[in-house]
Amino acid sequence: MSTVIDLRSDTVTRPSAEMRAAMAAAVVGDDVYGEDPTVNQLEKRAAEMFGREAALFVPTGTMGNQIAIRLHTEPGQEVICESRSHILDWEMAMTAVFSGCLIRTVTTPTGTLTWKDIEPHIYGRSTFRASTGLIEVENTANLAGGRVTPLAAMEEIWANAKERKLPVHLDGARIFNAAAVLGTDVKTLTRGFDTIMFCLSKGLGAPVGSMLTGSKELIDRGRIYRKALGGGMRQAGVLAAAGLIALETMPARLHEDHANARLLAEALSHMESVAIDLETVETNIVIFSLKGGLNAAELTARLRERGILMSAVGPHSIRMVTHCDVNRADCVAASDAIAEELGVLSAA
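**Focus on the packing of aromatic side chains**
The description of an aromatic ring pair uses the distance of the two centres, along with the angle that the planes make with each other. The tally for this structure, following the rule as stated, stands at five aromatic pairs. Ring geometry for Trp-158 versus Phe-193: centroids 5.3 Å apart, planes at 80°, classification edge-to-face. Residue Trp-158 is found in helix H7 (residues 151-163), and its partner Phe-193 is found in the loop between helix H9 (186-189) and strand E7 (195-199); the two are separated by 35 residues along the sequence. Assigned by exposure class, Trp-158 and Phe-193 land together as buried. Arranged with centres 5.6 Å apart and planes meeting at 70°, the rings of Phe-176 and Phe-198 form a pair that is edge-to-face. Here Phe-176 is found in helix H8 (residues 175-182), whereas its partner Phe-198 is found in strand E7, with 22 residues between them in sequence. Using a relative accessible area of 9% as the deciding quantity, one classes Phe-176 as buried. A cation over a ring is seen here: Arg-70 above Phe-98, with NZ or CZ 4.6 Å from the ring centre. Sitting over the face of the ring of Tyr-123, Arg-129 holds its NZ or CZ atom 3.4 Å from the ring centroid.

**Remarks on the packing of helix H13 (residues 296-305) against helix H14 (residues 328-347)**
As a packed pair, H13 and H14 sit with axes 10 Å apart at the nearest point and diverge in direction by 125°. Taken together, H13 and H14 sit at an angle that is classed as oblique. Once H13 is placed against H14, the crossing between them reads as right-handed. Of the residues in H14, those touching H13 at Glu-298, Leu-299, Arg-302 and Leu-303 are Ala-337, Ile-338, Glu-341, Leu-342, Val-344 and Leu-345.

**Details of the sheet that holds strand E3 (residues 78-82)**
Read from one edge to the other, the open sheet built from seven strands follows the order E2-E8-E7-E6-E5-E3-E4, with strand pairing classed as mixed. The open sheet has two edge strands with one neighbour each: strand E2 (54-58) and strand E4 (102-106). Sheet twist, expressed as the mean angle between neighbouring strand axes with direction ignored, is 20°. Where strand E5 (residues 132-138) meets strand E6 (residues 168-171), four bridges bridge the pair, whose relative direction is parallel. When the bridges of E6 are listed, Ile-135 appears paired with Val-168. Running at roughly 175° to E7, helix H3 (residues 61-72) makes contact with E2, E3, E5, E6, E7 and strand E8 (210-214) of the sheet. Against the sheet, helix H10 (residues 216-228) touches E2, E7 and E8, its axis set at about 20° to E2.

**Focus: the nonpolar core**
Within the largest apolar cluster, 48 residues are counted, with the highest numbers of intra-cluster contacts made by Phe-57, Ile-135, Ile-175, Phe-176, Phe-198, Leu-200 and Leu-247. Tallying contributions element by element places helix H11 (residues 237-249) first for this core, with seven residues. For Ile-175, the contacting residues outside a window of four places in its chain are Phe-50, Asn-139, Leu-170, Val-186, Leu-189, Thr-190 and Phe-198. Core analysis: the next-biggest nonpolar cluster, separate from the first, contains 30 residues, Leu-264, Val-274, Leu-299 and Leu-303 among them.

**Points about the pairing of E7**
Both faces of the sheet carry side chains from a regular strand, because those side chains alternate between them. Within E7, five of the five residues are buried, which leaves it mostly tucked inside the rest of the structure. Where burial is concerned, the two faces of E7 agree: the one with Thr-195, Met-197 and Cys-199 and the one with Ile-196 and Phe-198 are both buried.

**Here's the deal with the environment of His-255**
Its location among the elements puts His-255 in helix H12 (residues 254-269). Counting along the chain gives 29 residues from His-255 to Asn-284, while the straight-line C-alpha distance between them is 8.7 Å. Here the side chain of His-255 touches Ala-252 through a polar contact of 3.1 Å, landing on its backbone oxygen.

**A few points about the sheet that holds strand E9 (residues 274-275)**
Taken in spatial order, the four strands line up as E9-E10-E13-E12 in an open sheet, and their pairing is antiparallel. The outermost strands of the open sheet, each flanked by one partner alone, are E9 and strand E12 (311-312). Bridge analysis of strand E10 (residues 285-290) against strand E13 (residues 317-321) gives five bridges, and the strand direction is antiparallel. Within E13, the residue paired with Phe-288 across the bridge is Ile-318. Relative to the sheet, H12 contacts E9, E10 and E13, its axis offset from that of E10 by approximately 15°.

**Section: H12**
An ideal rise of 1.5 Å per residue puts 22 Å on 16 residues; H12 measures up with 23 Å between its terminal C-alpha atoms. Looking at H12, one finds that the buried residues are Leu-254, Asp-257, His-258, Asn-260, Ala-261, Leu-263, Leu-264, Ala-265 and Leu-268. Lining the buried residues of H12 we find H8, E9, E10, E13 and H14.

**Some remarks on the pattern of salt bridges**
Side-chain pairs of opposite charge can arise whenever the charged atoms involved come near each other. Under the criterion given, the structure shown has 23 salt bridges. In this structure, Arg-174 engages Asp-10 in a salt bridge whose closest nitrogen and oxygen atoms are separated by 2.8 Å. Separated by 164 residues along the polypeptide, Arg-174 in the loop between E6 and H8 and Asp-10 in the loop between strand E1 (5-6) and helix H1 (17-25) bring together distant segments of the chain. The pair Arg-174 / Asp-10 is uniform in exposure class, with both members buried. The partner of Glu-340 in a salt bridge is Arg-306, with the nearest N and O atoms 2.6 Å apart. Linking Glu-340 in helix H14 with Arg-306 in the loop between H13 and strand E11 (308-309), this pair joins segments that are 34 residues apart in sequence. Judged by its relative accessible area of 38%, Arg-306 falls in the partly exposed class. Connected through shared salt-bridge partners, Arg-302, Arg-306, Glu-340 and Glu-341 make up one network.

Criteria and thresholds
- Residues numbered from 1 in each chain as written.
- Predicted model: local features only at pLDDT ≥ 70, side-chain atom pairs only at ≥ 80, totals over all residues.
- Heavy atoms only, no water.
- Phe/Tyr/Trp six-rings, centres within 6.5 Å; stacked < 30°, edge-to-face > 60°.
- Helix = DSSP H or I, 4+ residues; strand = E, 2+ residues; numbered from the N terminus.
- Buried < 20%, exposed > 50% of the residue type's maximum accessible area, 1.4 Å probe, protein only.
- Lys NZ or Arg CZ within 6 Å of the ring centre and 35° of its normal.
- Axes fitted to C-alpha atoms, helices over the stretch in contact; angles between N-to-C directions.
- Parallel < 35°, antiparallel > 145°, perpendicular 65-115°, else oblique.
- Left-handed = near helix turned anticlockwise from the far one by under 90°.
- Contact = heavy atoms within 4.5 Å.
- Pairing = 2+ DSSP bridges.
- Core = buried A, V, L, I, M, F, W, Y, C linked by side-chain atoms within 4.5 Å.
- Polar contact = N/O pair within 3.5 Å; in protein donor to acceptor, adjacent residues only side chain to side chain.
- Expected span 1.5 Å × (residues − 1).
- Salt bridge = Lys/Arg side-chain N within 4 Å of Asp/Glu carboxyl O.

Structure, rendered in structure tokens:
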């Protein structure tokens, strides 16, 4: 068992020995001038993998999403997304600040979108209200417990959005997890989106970085917005080198994280003080609720004292995320500790 079992997020992973060696040996240049060969190689490989003309290396997924929103919209428009989306809750209101747009949320039972959910919220240009400028889909859906949107649902969204002449952006922070569940490749799974953001620093285990992919014209413009947001990282090849390792080697092991998440979820389902829907646990995220008024912050604080970290995401809700730095034994230990602490809290 690890000294600390960190289940707060898959962003907490440390670079592997292979990544560290690649970082140390990376050939670098000034990326703002387009002269960093390792960054150029990463961008080329990402574009190839997703079947796109070009890709852009950015420091964070938030920056990638916000560049995409700016590319597709004009001030005063609306961006449609599900009500638990990352762009709404975790990106510091940047859709308003940077693009001058309003987010139009759609609440669904599963936390994932279908065209039937989206269509009633689409508005054309008028003198009465803001028009729709962009549809945003998140796959997997983080705060819906890592739920996967199936290919057929996305195909329906692509086709109808195209008919309406509306762009569609994918927040694919964990798209490789979705591809692993659906048994397909990311190129097939994302082919109808106008732009795709995916993270290297979540399930793929890189220390820093995300990618934005799309047409050459969009990515060329995106470089301008990256610079405007402070994302010109100069000799960024030391980071891109780890990203290349992540992109080439880490997708094949994601099923291990999914199995560990399932182990945690099934253990939780047998605890009297826990409410969890096992159908929601499709990838590497487990969200559960505490019954009987038990406090999530109190439970996570008690577990922290035992070297087990997880996140309270509501007064009575907790999120755990599996990744390459926790193994099966860690997950068994974490579930046993949760059961013990819940016993203490319930008896108090």
